[in-house]
Amino acid sequence: MSATFRVWFVIALALSAGLAHAADKVALLSTSFVLERKFKLMEEAARAQGVELAWTQVDRAAPAGGEAGVRRVLQGARLVILDTPRSDDQAQIERVAGPMLRAAGLPTLGVQVMSPPQRLRALQMDAAQAQRLFDYYVGGTRANHERLALYLKAWLAGGELATVPPPIELPNGGIYHPGYEQAVFATLPQYLAWWQGKTGRPWQGQPVVAMETSSSYLSDGQARMLDETVAALEKAGAVPLVFYRSSRTQRARVDGTVAAAAGAAGASAPQVGRPAWTRRAAQAEPAAGSGPGFPNPQATRTVAVDEPLLTLQGQLLPQVLIVNTFLGTDPEARKAWHQAMGIPVINLVHYRTGTRADYAKDNAGVSSFYLPFTLTSAEYIGLQDPVVLTANEGGELVPMPEQMDLLAGKSLNLARLALAANADKNVALLFWNHPPGEKNQGASNLNVPRSIEHLVDRLRAEGYAFDAVSEAQVIAAVAQMLRPTYRKTGLADLMQTPHWDFLPLAAYQRWYTTLPSAVRQRIDAHWGAPEKSHFFARKAGVPGFVIPRMKLGHLVVMPQPQRGEAATMDEEKKLFHDTKVP
């Protein structure tokens, strides 16, 4: 073989390898709203089958994103997948990639899981094949990623598609546990029996903490936070109940069936598939009476709490509910549902815009862009106790250890509180004194003393071990507790009454050292040594802080502390919304 022939032979092999590589390429376009861990997992599965899955998030900076990213993934591709859950994502794809997509003219699968009724949009594709690809893609999980890669390989090669195993669907509503081989239980009794056998302890009499989540976390490879939450709750002594109410594939199927039936009949189609609480609540009659009252607004609908994943023999099982799902759909129905359950609810929030290190530097902790979806809707519904659990580490939502400790501790404390007798509960009541002033005792014009008297009477009637108190007694005690804030001699006067407690300086310092060093440095630089506090005193020679409080049996009544020990009330007001002063 001549040298010239060998050179041309090598070139031909290289060209044929390049053409084969290009022939097995699929382009995937999305936005940063869809976390990239999902794409990395699918890319890995595709690579194992010799298929290149080239992906880009068009709103990222070039060269990874933007027009450069679009050109990169489209070059040599034979199929395009557009993962655009919301209309905003679809608009971003059109702005950045629209002209290039139309010029390419490739078969295109549009996955629009948050845009009913058309969650699937196919261009230049066989409808049945597009549906099969959609079901693999949306069903997610490792098994479906592998089967999607097999299907793409056969589709690109013109092979026999029928030989590829069908998509595996998650149950349409189920209970998740990472220790279960099939991952999801379809019923509550099955889960409880398995859990009891796995742990070797009965679930009865144990605190039960439920987490409402979305099947998308399982489908898209974001189960780490679920797994670690389950582990933390079990370690703390609770029975975890992580459930989702419906699967994405079933929702898409129901939307398609309803839309088709409505189009054929010219009217609304009947409901299809597993009923949802939103539908039941929407059909309910207005509630009679005054509703459950504080802390939620008055109920406007009656809802039967008949979710089979949460109720056993007609009784609601969990004492606490963690909400880890989208809150934007029908907030009125969700509000009524939570009111009907009557248990504490923790709103779980994820720091999607940065890492744990970014979160530690963030003064707010929640991006203003996400406020409507994370806090505004939640507070309207009545979920007023948010916990930021995870940060975005390379596209994966990873729990922050200190936040997981907070979530597990808060959940267990609330659950145990619900199981305790009222007579055994210790309660603290902090009141807000505004407008400020030594003689004022009103929280924005609320009659605080009379309100406390009424609250104590009502809670005593419900079995709480509180001492009775009159409005006049509250007025006298509150005046004594407020005096140290306004008078130099007020602290000594307060210590001559029974309305104070004592925190030793050593106990405070043990807690203080647990704060990050950067936080302590800022506090020390601005406020100085703790001994400078005008609530600093000595009790039997022990240095510490005087805490104003009125003790009424198992109830402690306290004025809300000032934001800072300012010289004047004007300076105190400046601290109300100051994010710079520690």
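J.: Looking at this structure, I do not really get the sheet that holds strand 23 (residues 555-559). What am I missing?
T.: Adjacent strands of a sheet pair through backbone hydrogen bonds, lying either parallel or antiparallel. What the three strands build is an open sheet, ordered 16-23-22; its pairing is mixed. Each having just a single partner strand, strand 16 (427-431) and strand 22 (550-552) make up the two edges of the open sheet. If you compare each strand with its neighbour and ignore which way they point, the axes differ by 20 degrees on average. With five bridges connecting them, strand 16 and strand 23 associate as parallel partners. By the bridge assignment for strand 23, L429 is matched with V557. Of the strands in this sheet, strand 16, strand 22 and strand 23 touch helix 16 (residues 448-461), which is tilted by about 160 degrees from strand 16. Along the sheet, helix 17 (residues 471-486) contacts strand 16, strand 22 and strand 23; its crossing angle with strand 22, the most-contacted strand, is approximately 145 degrees.

J.: I keep staring at helix 15 (residues 401-419) and nothing clicks. Help me out?
T.: One full turn of an α-helix is made of 3.6 residues, so residues set three or four places apart face in the same direction. When the terminal C-alpha atoms of helix 15 are compared, their 27 Å separation across 19 residues agrees well with the 27 Å that a helix rising 1.5 Å per residue should span. Taken together, the buried positions of helix 15 are occupied by Q403, M404, L407, A408, S411, L412 and A415. Seen end-on, helix 15 carries its buried residues on one side only, within an arc spanning 160 degrees. Away from its buried face by more than 90 degrees, helix 15 exposes D405 and N413.

J.: Before we go on, may I ask you to explain the packing of helix 2 (residues 37-48) against helix 6 (residues 141-157) in this structure?
T.: When two helices pack together, their arrangement is given by the angle between their axes and by how far apart the axes lie. One way to put it is that helix 2 packs onto helix 6 with a least axis distance of 8 Å and a crossing angle of 50 degrees. The pairing of helix 2 with helix 6 is recorded here as oblique in orientation. Viewed along their axes, helix 2 and helix 6 form a crossing whose handedness is right-handed. Side by side, helix 2 and helix 6 meet where L41, M42, A45 and A46 of the first sit next to H145, E146, L148 and A149 of the second. Across the contact of helix 2 with helix 6, the residue classes break down as six nonpolar, one polar and one charged.

Parameters and conventions
Each residue is numbered by its place in its chain's sequence as written, counting from 1. Under the rules for a predicted model, residues below a pLDDT of 70 receive no local features and side-chain atom pairs below 80 are neither given nor counted, while totals for whole chains, interfaces and linings still include all residues. Hydrogen atoms and water are omitted, and side-chain values are computed over all heavy atoms in the structure. Here the rule is simple: two strands pair whenever DSSP picks up at least two bridges between them. Elements are defined by DSSP. Helices are runs of H or I of four residues or more, strands are runs of E of two residues or more, and each kind is numbered from the N terminus. Interaxial angles span 0 to 180 degrees and are taken between N-to-C directions of axes, which are lines fitted to C-alpha atoms, for helices over the stretch in contact. A contact between two residues is defined here by any heavy atoms of the two lying within 4.5 Å. A helix is expected to span 1.5 Å multiplied by its residue count minus one. To sort residues, take the accessible area from a 1.4 Å probe on protein chains only and compare it with the maximum for the residue type: under 20% means buried, over 50% means exposed, and anything in between is partly exposed. Taken from the helix axis, the directions to the C-beta atoms give the arc we talk about. In what follows, roughly perpendicular refers to angles from 65 to 115 degrees, roughly parallel to angles under 35, roughly antiparallel to angles over 145, and oblique to any angle outside these ranges. Each crossing is labelled by how the near helix is turned from the far one, with a counterclockwise turn of less than a right angle marking it left-handed and a clockwise turn marking it right-handed. Gly counts as polar in this scheme, as do all residues outside two lists: the nonpolar Ala, Val, Leu, Ile, Met, Phe, Trp, Tyr, Cys and Pro, and the charged Asp, Glu, Lys and Arg.

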